[in-house]
Amino acid sequence: MDEVIQVTQWLSSITPRKKAKLFFFTTHADAPSPMVGSNDVDTHEETQLPLATTVALHNFKNIDEFLKKKVNTFSCYNVIENEITKTDYEYLRFYSACKYLDVVPPFLDLEKISAIQNKFEMTDEERDYRLLLDSADLVLEKVCDSLKPAGVSQMWTALRKDRNLIRGVKTIDIIGFFVDPNPTGIKECLFFFIVRFLQKADKINRVNTNRLERLIAQCDESSSCEEGKTIDFIIDSLRFYPTELYPFGFCLIMCVIEGRDGAMQEIEKTLEISRHLGMITHTEKNPTKETIELVKKELMKPKYQFYSSFTCWFMSHGDSNSMVLADGETIEREWFLTSFPNISTFQLKPKVFFMVSCRGANKFSLKGDEFEGQSATCDYYDIGSALIRNRMLDITDSVRDISYVQPMMDTLVAYSTILDHLSGRANTDGSIYVDRACVLMSENISRGRSLTEILEHLSQDLHEILQETMDEDRIVYKQACHYDSFFRKTLKLPYTRHPKEDVHSAPQ
């Protein structure tokens, strides 16, 4: 059959809603850069104009043309060995989006996809199409699905009121002020246009979504949300790191075996739990400084940009500042912790480190005859999964105690700034940190959110604010706050707002 006819038939079989989503996933906002075959040309026309004209005209012609062009490009594309090109990246994204939406063209060359995956040095586990989907885009898709056409229309109205943001943007004028988002697929096109516009304007990314949240917050809940959804629910979905679908992330396990009894069991346990959580895992036994440098170099390869999170287990002997490697050499813990987060492939993605080593020789000792002979160093216990419970310790009630507590337990220490840095103040209003913390806690007081959620949002909010020193130099800077948590339970804010006291009234 003629290829033009095949493409036409394929497009005619896709619903308008799926066409909008396929366009959205294919025009991924955070494509890696620099890439072979990429340049600094503004892709505004390619990513926003088709959406704008579709909304304005209620016609999917331009999106169809975009998808046709993609298919034709891939059809003519010759996979070049070794070099990873922009087209390689787009081909994988397009294929994964088609697979996810169940609209894979029957004429798509799967051998080319395999050849591209070879260039990325992907293992068998990494060839799962779900790895290639961007988790942040999947979260945004769910937000869109939770909104009615009226809700997206209200977001559009709110966006149009921000004249400083939209001034001079032609695609905004193409759509116009009043929009009918009710025809099938138009709601999706309008929502995805808003998202891509905010991303291109550097107002939101996969972590910073405040600007989008504020647009959603202005919607009328009774008319804007699909059945069973609320404005709070939709905004909450943007308050988590996007880690949708499989795999949950990449897990690196580094374990010094020499001179450490039980080290192999540590590896087995961490391997099983990481796989149980849906991570793709790599293990390094007896790491040295050279090993660590090689691993860091490996993690800089382009394929790791497809992962949505990074977890590292590092298990060794250590002291207050350093960790002992397999060859007896030591590395500073601080150096290790600060070097891995700088790897570009995991920027704007959650990175979790489990540092398993001694940090000194002091002990919090419990004294008394009732504690003699009590130990939790043998047997196994059930943590709920038959896949991993056979390797876990059996912690019985006889070795549990709640009367003696480490002084720092159940404590959360929140700092307005990081070590050796300024804590900003407004000229007449005092600490900016205190102001933003009070505002956010006040806004969330009826939503039942935890204190740590508020502090995480505060960290994002405060770090977006440009501040200026009050001295002669007038230096512009950003402030970063942080907290150390020793919580054993979640602390939620009150569900009800306490009325303000009348200072003029006499006590009853």
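Above: the structure in question.
Residues numbered from 1 in each chain as written. Predicted model: local features only at pLDDT ≥ 70, side-chain atom pairs only at ≥ 80, totals over all residues. Heavy atoms only, no water.

### Things to note about the overall build of the protein chain
For clarity, the threshold we go by: Numbering of helices and strands starts at the N terminus; helices are DSSP runs of H or I of at least 4 residues and strands are runs of E of at least 2. Here a residue-residue contact requires only that any non-hydrogen atoms of the pair lie within 4.5 Å. Only the protein chains shown count as covering a residue, and every accessible area follows the Shrake-Rupley method with a 1.4 Å probe.
The secondary structure content of the protein chain amounts to 20 helices and 12 strands. In the protein chain, once contacts between residues fewer than 6 apart in sequence are set aside, the share between residues at least 24 apart is 73%. Looking at the protein chain as shown, the accessible area adds up to about 28,300 Å², and 51% of this sits on carbon and sulfur atoms.

### Remarks on the sheet that holds strand E1 (residues 249-255)
Note the cut-off: At least two DSSP bridges between two strands are required for those strands to pair. Axis definition: a line fitted to C-alpha atoms, over the contacting stretch in the case of helices. Angles run 0 to 180 degrees between N-to-C directions.
Spatial strand order, E2-E1-E3-E6: four strands in an open sheet with parallel pairing. Each end of this open sheet is capped by a strand with a single partner; those strands are strand E2 (279-285) and strand E6 (351-356). Put simply, the sheet's adjacent strands are angled 10° from each other on average, direction ignored. Together, E1, E2 and strand E3 (310-315) form the strand contacts of helix H17 (residues 289-299), whose direction differs from that of E1 by roughly 175°.

### What about the side chain of Lys21?
Definition in use: Note on exposure labels: buried denotes an accessible area under 20% of the residue type's maximum, exposed denotes more than 50%, and partly exposed covers the range between, all computed with a 1.4 Å probe on protein chains only. Polar contacts, as used here, are pairs of N or O atoms within 3.5 Å; protein pairs need one atom able to donate a hydrogen and one able to accept it. Residues neighboring in sequence count only if both atoms are side-chain atoms.
On the secondary structure map, Lys21 appears in helix H2 (residues 16-26). Accessibility expressed as a relative area gives 6% for Lys21, which makes it buried. For Lys21, the side chain forms a polar contact with the side chain of Asp145, separated by 3.1 Å. Excluding residues within four positions of it along the chain, Lys21 makes contact with Leu101, Glu141, Asp145 and Phe192.

### Digging into the pattern of salt bridges
In plain terms, the rule: Any carboxyl oxygen of Asp or Glu that lies within 4 Å of a side-chain nitrogen of Lys or Arg is treated as forming a salt bridge with it.
Under the defined criterion, the tally for this structure stands at 21 salt bridges. Residue Lys70 is joined to Glu90 by a salt bridge in which the shortest nitrogen-to-oxygen separation is 3.2 Å. Placement of the pair is Lys70 in helix H4 (residues 61-76) and Glu90 in helix H5 (residues 86-101), with a sequence separation of 20 residues. Accessibility assignment for this pair places Lys70 and Glu90 in one class, buried.

### Some thoughts on the packing of helix H19 (residues 432-443) against helix H20 (residues 451-463)
Under the convention used in this document: If an angle is under 35 degrees, it is roughly parallel; if it is over 145, roughly antiparallel; if it lies from 65 to 115, roughly perpendicular; otherwise it is oblique. With the far helix as reference, a near helix turned anticlockwise by less than a right angle produces a left-handed crossing, and one turned clockwise produces a right-handed crossing. The classification used treats Ala, Val, Leu, Ile, Met, Phe, Trp, Tyr, Cys and Pro as nonpolar, Asp, Glu, Lys and Arg as charged, and all other residues, Gly among them, as polar.
Contact pair H19 / H20: the axes reach a minimum separation of 10 Å and the direction vectors enclose 130°. For the element pair H19 / H20, the angle class is oblique. For H19 against H20, the interelement crossing comes out right-handed. In this structure, H19 contributes Ile432, Tyr433, Arg436, Ala437, Leu440 and Met441 to the contact, and H20 contributes Leu451, Ile454, Leu455, His457, Leu458, Asp461 and Leu462. When its residues are assigned to classes, the contact of H19 with H20 shows 10 nonpolar, one polar and two charged.

### Quick word on empty space enclosed by the protein
The cut-off we apply is this: Any residue with an atom within 4 Å of a point lines the site, the site being either a cavity, points on a 1 Å grid over the protein atoms alone where a 1.4 Å probe fits but cannot get out, or a pocket, an open set with protein on both sides within 12 Å along at least 5 of 7 lines. Grid points are joined across faces, edges and corners, and a volume is the space filled by probe spheres set on the points. Note that the domain bounds were set by an automatic or database domain assignment.
Scanning the entire structure with this criterion turns up four cavities of 30 Å³ or more. In this structure, the largest cavity spans a volume of roughly 110 Å³. Taken together, 13 residues line the largest cavity, and the ones lying closest to its centre are Leu140, Asn205, Arg206, Thr209 and Leu238. Broken down by element, the residue count for the lining of the largest cavity peaks at three residues, all from helix H8 (residues 135-146). When grouped by side-chain class, the residues that make up the lining of the largest cavity number eight nonpolar, four polar and one charged. Looking at the second largest cavity, its volume works out to about 60 Å³. The wall of the second largest cavity is formed by Arg130, Leu131, Leu133, Ser135, Leu138, Glu244, Leu245, Tyr246, Pro247, Phe306, Tyr307 and Ser308. Of the residues contributing to the lining of the second largest cavity, the split by class is eight nonpolar, two polar and two charged. When residues are assigned to domains, the lining of the second largest cavity turns out to be shared by domain 1 (1-28 + 44-239) and domain 2 (249-364 + 406-486), each giving three or more.

### A closer look at H2
Taken across its 11 residues, H2 has eight buried, putting it largely inside the fold. Three or more residues of H2 are buried, namely Lys19, Ala20, Lys21, Leu22, Phe23, Phe24, Phe25 and Thr26.

### So, the nonpolar core
Rules: Within this scheme, the nonpolar core is defined by two criteria: the residues are buried Ala, Val, Leu, Ile, Met, Phe, Trp, Tyr or Cys, and they are joined through side-chain atoms within 4.5 Å.
With 95 residues, the main nonpolar core has Trp10, Phe191, Phe336 and Phe340 as its most contacted residues. Considering every element that reaches this core, the biggest residue donor is helix H12 (residues 186-200), with 10 residues. Taken together, domain 1 (1-28 + 44-239) and domain 2 (249-364 + 406-486) each give at least three residues to this core, which thus spans both. Core analysis: the next-biggest nonpolar cluster, separate from the first, contains 12 residues, Leu451, Leu455, Cys481 and Leu493 among them.

### Some thoughts on a nonpolar patch on the surface
Counted only if it meets this: Patch criteria: residues need more than 30% relative accessible area and no salt bridge. Like-charged residues are merged within 9 Å; nonpolar side chains of Val, Leu, Ile, Met, Phe, Trp and Tyr are merged within 5 Å.
Together, Val352, Phe354 and Val356 give the surface a local cluster of nonpolar side chains, amounting to about 200 Å² of exposed area. With respect to the helices, strands and loops of the structure, Val356 is situated in strand E6. Under the relative-accessibility criterion, Val356 is labelled partly exposed at 32%.

### Focus on helix H1 (residues 3-12)
In an α-helix, one turn spans 3.6 residues, which is why side chains three or four residues apart end up on the same side. Inclusion rule: Relevant arc is that of directions from the helix axis to the C-beta atoms, nothing else.
If you check which residues of H1 are buried, you get Val7, Trp10 and Leu11. Burial along H1 is one-sided: seen end-on, the buried residues are contained in an arc of 95°. Those residues of H1 hidden inside the fold are in contact with H2, H4 and H5.

### Overview of the packing of H2 against H8
H8 packs onto H2 with a crossing angle of 150° between their chain directions and a minimal axis gap of 11 Å. Between H2 and H8, the angle is such that the two are roughly antiparallel. Remark: the crossing between H2 and H8 carries right-handed chirality. Side by side, H2 and H8 meet where Arg17, Lys21, Phe24 and Phe25 of the first sit next to Asp137, Leu138, Leu140, Glu141 and Asp145 of the second. When its residues are assigned to classes, the contact of H2 with H8 shows four nonpolar, no polar and five charged.

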